[in-house]
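What the coordinates show
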Amino acid sequence: DTGVSQDPRHKITKRGQNVTFRCDPISEHNRLYWYRQTLGQGPEFLTYFQNEAQLEKSRLLSDRFSAERPKGSFSTLEIQRTEQGDSAMYLCASSLASAGVKEAFFGQGTRLTVV
Amino acid sequence: GEDVEQSLFLSVREGDSSVINCTYTDSSSTYLYWYKQEPGAGLQLLTYIFSNMDMKQDQRLTVLLNKKDKHLSLRIADTQTGDSAIYFCAEEIKAAGNKLTFGGGTRVLVKP
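Residues numbered from 1 in each chain as written. Chains lettered and ligands numbered in written order. Predicted model: local features only at pLDDT ≥ 70, side-chain atom pairs only at ≥ 80, totals over all residues. Heavy atoms only, no water.

Across all of its chains, the model carries 16 aromatic pairs over all chains by this definition. Where A:Phe106 meets B:Tyr35, the ring centres are 5.6 Å apart and the plane angle is 85 degrees; that geometry is what we call edge-to-face. Here the residue A:Phe106 occupies a position in strand β10 (residues 105-106), and B:Tyr35 occupies one in strand β4 (residues 31-37), the pair thus bridging two chains. Note on accessibility: A:Phe106 and B:Tyr35 belong to one class, buried. (Phe/Tyr/Trp six-rings, centres within 6.5 Å; stacked < 30°, edge-to-face > 60°. Helix = DSSP H or I, 4+ residues; strand = E, 2+ residues; numbered from the N terminus. Buried < 20%, exposed > 50% of the residue type's maximum accessible area, 1.4 Å probe, protein only.)

Attention shifts here to the environment of B:Asn98. Following the sequence through the fold, B:Asn98 ends up in the loop between β9 (85-92) and β10 (100-102). Setting aside residues no more than four positions away along its own chain, B:Asn98 makes contact with A:Arg31, A:Tyr33, A:Ala97, A:Gly100, A:Val101, B:Glu92 and B:Ile93. (Contact = heavy atoms within 4.5 Å.)

Here the focus is the side chain of A:Thr110. Residue and element names in this part refer to chain A. Structurally, the position occupied by Thr-110 is in strand β11 (residues 110-114). A distance of 2.5 Å separates the side chain of Thr-110 from the backbone oxygen of Pro-8, its partner in a polar contact. Contact partners of Thr-110, with chain neighbours within four places excluded, come to Gln-6, Asp-7, Pro-8, Arg-9, Phe-21, Ala-88, Met-89 and Tyr-90. (Polar contact = N/O pair within 3.5 Å; in protein donor to acceptor, adjacent residues only side chain to side chain.)

A side chain with one charge may pair with a side chain of the opposite charge, provided their charged atoms come close. Scanning the model with the defined rule gives six salt bridges over all chains in all. For B:Lys99, the salt bridge goes to A:Glu56, with nearest N and O atoms at 2.8 Å. In this pair, B:Lys99 is assigned in the loop between β9 and β10 and A:Glu56 in strand β6 (residues 53-57), connecting two distinct chains. Since its relative accessible area comes to 11%, B:Lys99 is described here as buried. A relative accessible area of 24% places A:Glu56 in the partly exposed class. Across the pair A:Asp86 and A:Arg64 runs a salt bridge, and its minimum N-O distance is 2.8 Å. Here A:Asp86, found in the loop between β8 (75-79) and β9 (88-95), pairs with A:Arg64, found in the loop between β6 and β7 (65-68); they are 22 residues apart in sequence, far enough to count as distant. Like A:Asp86, the residue A:Arg64 is buried in the burial classification. Through salt bridges that share partners, A:Arg64, A:Glu83 and A:Asp86 make up one connected network. (Salt bridge = Lys/Arg side-chain N within 4 Å of Asp/Glu carboxyl O.)

See below:
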């Protein structure tokens, strides 16, 4: 296992288009988190899953955002009708629920640019 | 409420010690973390401290926690040019699904 993998690494899209990102966690990790990091800021929590259940969503996650983890393995984050304010790095992390964040690993992120 | 604050920038000479400070507001945090982020790279966990400890040392890194003042610091001894990066402190709240609340990051520039 090579760690948390995110695809694509970079995405440029026109305003109003839909985009989808994928995160492949470390295989035995049952928790999966999505964070967003805008330029010059720290990452902000968006949502997390335990297995396939989405247990919490931040108020930052507007109706245009949807995340899924259908089989409790990989996850997708979709943004509909993208806006320039959606431009950010989208980070995924995974961990074992029993171990908590101290054994969580982050992917390298997907950088989204909305033009 | 959740709020984590850090100073924006620190400049230090190679070989000196660096001290990065952080304040947080949520007293129910369980662990506090320091992450390093280099340009184009993901977040790398440097070290963490359990909330009932007041100090942790890990090679060149020393974490100090003042729980009463909700103040966390990271000291890097013998700072090297490879330590130039953005450093984030973060608090984990177990009751909130172990999610992390990050500070805005401190950019550390090490001058030769």
